[in-house]
Amino acid sequence: MKIRIQDLEVRNLEFEHQFQAGEIDFGSEVRQVGVLQTDGRAELIREHHGGNKSIEDIRLVGKLDGRIEVSCARCLEPVEIPISRSFDLLYRPLESERGSDEVAINEAETEIGYYSGEGMELEDSLREQILLAVPIKTLCRYDCKGLCVTCGANRNEQVCGCEQGKPDPRWAALGDLKNKLQ
Ligand SMILES: [Zn+2]
Ligand SMILES: [Zn+2]
């Protein structure tokens, strides 16, 4: 969904939309499950920079709800994560950043991004918001046993019988000592 400066100059854009899985590309690590629901509005914010110089920002306020699937960091089985998030974002024209003096607005309150040309795609913002919400490391369960390093079996599902790692050499040394003492 294109958000155009030209349209925002006339009126704010209210949106309510459902994206089907596959409509937004989240890359190879993250997959959308079911529909992604979003609603909110886009509005134009004019920043005045003295004289008649001003730049036009796009403010995007809204929320999104959906579910995504990522792989367990240990066993690689799919794990579903619900994502529910509100956002309040400010997009500045990329062109305004080139060689202009520092813009003073309260940057702590809003996350700032950039748009170029005549506007931006809502999908790009949603993608970014969802990727930000994905935990760095997801486990299918807190005590996931992971894959066997020797045969690749999922150790949550089967006992493969491979030796899991070498015994700690410090214990081996203690064992030797114990043998000598006997
Ligand atoms: Zn797992
Ligand atoms: Zn194994």
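Rules behind the numbers
Residues numbered from 1 in each chain as written. Chains lettered and ligands numbered in written order. Predicted model: local features only at pLDDT ≥ 70, side-chain atom pairs only at ≥ 80, totals over all residues. Heavy atoms only, no water. Salt bridge = Lys/Arg side-chain N within 4 Å of Asp/Glu carboxyl O. Helix = DSSP H or I, 4+ residues; strand = E, 2+ residues; numbered from the N terminus. Buried < 20%, exposed > 50% of the residue type's maximum accessible area, 1.4 Å probe, protein only. Core = buried A, V, L, I, M, F, W, Y, C linked by side-chain atoms within 4.5 Å. Donors = N, O, S within 2.8 Å, 3.2 Å for Na, K, Ca; no water. Polar contact = N/O pair within 3.5 Å; in protein donor to acceptor, adjacent residues only side chain to side chain. Contact = heavy atoms within 4.5 Å. Tetrahedral: all angles 85-135°; square planar, octahedral: opposite > 155°, others 65-115°. Pairing = 2+ DSSP bridges.

Novice: Can you lay out the pattern of salt bridges for me, pointing to particular residues and giving the numbers?
Specialist: The full count for this structure, using the stated rule, is 12 salt bridges. Among the salt bridges present, the one from Glu121 reaches Lys2, with a minimum N-O distance of 3.9 Å. With Glu121 in strand β7 (residues 119-121) and Lys2 in strand β1 (residues 2-4), this residue pair connects regions lying 119 residues apart in the sequence. Residue Glu121 is classed as partly exposed on the basis of its relative accessible area of 28%. Here Arg46 makes a salt bridge to Glu56, at a shortest N to O gap of 2.9 Å. Placement of the pair is Arg46 in strand β3 (residues 31-48) and Glu56 in strand β4 (residues 54-71), with a sequence separation of 10 residues. Residue class for Arg46 comes out partly exposed when judged on its relative accessible area of 43%. On the accessibility criterion, Glu56 (18% relative accessible area) is buried.

Novice: How would you explain the nonpolar core if you had to name every residue and give the values?
Specialist: Residues Ile3, Ile58, Leu60, Ile68 and Leu126 are the most contacted members of the largest nonpolar core, which totals 27 residues. Listed by contribution, the elements that provide at least two residues to this core are α1 (5-8), β2 (13-19), β3, β4, β5 (78-93) and α2 (122-133).

Novice: Give a detailed account of the coordination of the zinc ion (ligand 1), specifying residues and quantitative values.
Specialist: Distances from the zinc ion (ligand 1) to its protein donors, namely Cys72 (SG), Cys75 (SG), Cys140 (SG) and Cys144 (SG), fall within the range 2.3 Å. Sequence positions of the residues that donate to the zinc ion (ligand 1) give the spacing C-x2-C-x64-C-x3-C. Of this pair, Cys72 sits in the loop between β4 and β5 while Cys140 sits in the loop between α2 and α3 (169-181), and the two are 68 residues apart along the sequence.

Novice: Hey, could you go over the side chain of Ser125 for me, with residue numbers and the actual values?
Specialist: Note on placement: Ser125 falls in helix α2. Among the polar contacts made by the side chain of Ser125, one reaches the side chain of Tyr91 at a distance of 2.7 Å. Excluding anything up to four places from it in sequence, Ser125 contacts Leu60, Leu89, Tyr91 and Met120.

Novice: Account for the coordination of the zinc ion (ligand 2), naming residues and giving values.
Specialist: A four-donor tetrahedral metal ideally has 109.5 degree angles, and a six-donor octahedral metal ideally has angles of 90 or 180 degrees. For the zinc ion (ligand 2), the full set of protein donor atoms is Cys148 (SG), Cys151 (SG), Cys160 (SG) and Cys162 (SG), at a range of 2.3 to 2.4 Å. One can describe the donor arrangement at the zinc ion (ligand 2) as tetrahedral, given that its four donor atoms subtend angles of 107 to 112° at the metal. The sequence pattern describing where the donors of the zinc ion (ligand 2) fall on their chain is C-x2-C-x8-C-x1-C. Highlighted residues: Cys148 in the loop between α2 and α3 and Cys162 in the loop between α2 and α3, separated in sequence by 14 residues. Residue Cys148 is classed as buried on the basis of its relative accessible area, which comes to 4%. The class of Cys162 is partly exposed, set by a relative accessible area of 25%.

Novice: I'd like a rundown of the pairing of β3, residues and numbers included.
Specialist: Looking at chain direction, β2 and β3 are connected through seven bridges and run antiparallel. Residue Glu16 lies in a different strand from β3, and its bridge partner there is Asp39. One ladder, built from 15 bridges, connects β3 with β4; its direction is antiparallel. Considered in β4, the bridge of Gln32 is made with Ile68. What sits between the antiparallel neighbours β3 and β4 is a turn of five residues, in which Gly50 has the positive phi angle 80°.

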